[in-house]
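# Notes for the structure review
So you can see what is in the structure, the chains are spelled out below.
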Amino acid sequence: MPKHKKEHHEEHADETWLVPYADILTLLLALFIVLFASSQIDQKKFEAIANAFGMAISGESVFEESAPDIFIDLPTPPDSAYQAEQDELLSIKNQMDAYIEFNGLATQLTTELSKEGLMIRIKETALFPPGSANLNENSRNLATQIAAMLIPVSQYVTVSGHTDNTPINTREFPSNWELSSLRAINFTHLILQEGSLYSENPLSPERFRTVGWGEYHPVQANDTAEGRDANRRVEVLIMRSYRL
């Protein structure tokens, strides 16, 4: 009779233990992250994270309405850093105020130092003809002054355009959004251009952003001529790097 060879089956080690082992490693990693974060944030925020971590382990949803807010704010800067920036912005404000007074521009330009940063508010008539985004001759001097103040500092800058609520519907500007946006863009280009002409260290475009708000952020009511005149403006905001 023919002999049958005995079949040998390769035995495989039981690897089912890998799944719970991987889960344990994941939980340990999360625990170390929480412990590290606890040394960087205050007790209240640590408790919020700990609660959310416990809910995740127990299988509850972290995103329920009753879940704590686990978003962490940027750390509060040292008082010395905040004060240094405050002094820097105040110095720029004083320079701008002196420029406004010397050139008799008090009815067209204002400055305001707030928790957001230093705001330079420029009326439409100082930069553009009515209904146009083409810069007038006087705008170059103003752009040169602003560029000179921005070159020595490192803050980010937002240039925003605003209009009144008078509708516009032309081939170039279908709405006030287009008009306000192009005004902000054109004035930003001029500031950057002037900064490159009068300094060995030109302004970096990466520091700037432009926004067109149309008529939707008025500073006064649009029911009077004076109010509409105030709302047609460009704002240059030198943004704080530190906030308390």
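The notes below deal with the structure included here. Predicted, not measured: the structure shown is a model, and the values here were computed from it. For every chain, the first residue of its written sequence is number 1, and the numbers climb from 1 along that sequence. Two thresholds apply to this predicted model, a pLDDT of at least 70 for residue-level local features and 80 or more for giving and counting side-chain atom pairs, whereas whole-chain, interface and lining totals are computed over all residues. Excluding hydrogens and water, the side-chain values take into account all heavy atoms of the structure.

## With respect to helix H3 (residues 79-102)
Heads up, the rule is: Segments assigned H or I by DSSP are reported as helices when at least four residues long, segments assigned E as strands when at least two residues long, and all are numbered from the N terminus. Working rule for helices: expected span equals 1.5 Å times residues minus one. Using a 1.4 Å probe on the protein chains alone, a residue whose accessible area is under 20% of its type maximum counts as buried, one over 50% counts as exposed, and one in between counts as partly exposed. In this analysis, two residues are considered to be in contact whenever any of their non-hydrogen atoms come within 4.5 Å of each other.
Spanning 24 residues, H3 covers 34 Å between terminal C-alpha atoms, matching the ideal 34 Å at 1.5 Å per step. Those residues of H3 that sit buried are Ala-81, Tyr-82, Glu-85, Gln-86, Leu-89, Ile-92, Lys-93, Met-96, Tyr-99 and Ile-100. Turning to H3, the residues buried within the fold contact strand S1 (109-113), strand S2 (117-123), helix H4 (138-150) and strand S5 (233-239). With its phi angle positive at about 65°, Gly-104 sits one or two positions after the end of H3.

## Structural notes on the pattern of salt bridges
Note the threshold: By convention in these notes, a salt bridge is any Lys or Arg side-chain nitrogen within 4 Å of a carboxyl oxygen on Asp or Glu.
Counting across every chain of the model gives 11 salt bridges. Among the salt bridges present, the one from Glu-112 reaches Arg-121, with a minimum N-O distance of 3.8 Å. Salt bridges here are not isolated pairs; linked through shared partners, they connect Lys-123, Glu-124, Asp-164, Arg-183, Asp-229 and Arg-232.

## Notes on the pairing of S2
Sheet faces and side chains relate simply in a regular strand, where the side chains alternate between the two faces. What counts, and what does not: By the convention used here, strands pair only if DSSP detects at least 2 bridges between them.
Summarising burial for S2: 5 of the 7 residues are buried, a large majority. Where S1 and S2 come together, 5 bridges link them in antiparallel fashion. Bridging across to S2, Glu-112 finds its partner in Met-119. As consecutive antiparallel partners, S1 and S2 are separated by 3 residues. Relative to S5, S2 runs antiparallel, the two sharing 7 bridges. Paired with Gly-117 across the strands is Met-239, a residue of S5.

## Some words on the packing of aromatic side chains
In plain terms, the rule: Pairing of aromatic rings covers Phe, Tyr and Trp, the last counted by its six-membered ring, and requires centre-to-centre distances within 6.5 Å; plane angles under 30 degrees mean stacked, over 60 mean edge-to-face, and any other angle means tilted.
Within this structure, the stated rule accounts for 1 aromatic pair. Ring centres of Trp-177 and Tyr-216 lie 5.3 Å apart, and the angle between their planes is 40°; this geometry places the pair in the tilted category. Highlighted residues: Trp-177 in helix H5 (residues 176-197) and Tyr-216 in the loop between strand S4 (208-212) and helix H6 (225-231), separated in sequence by 39 residues. For Trp-177, a relative accessible area of 47% corresponds to the partly exposed category.

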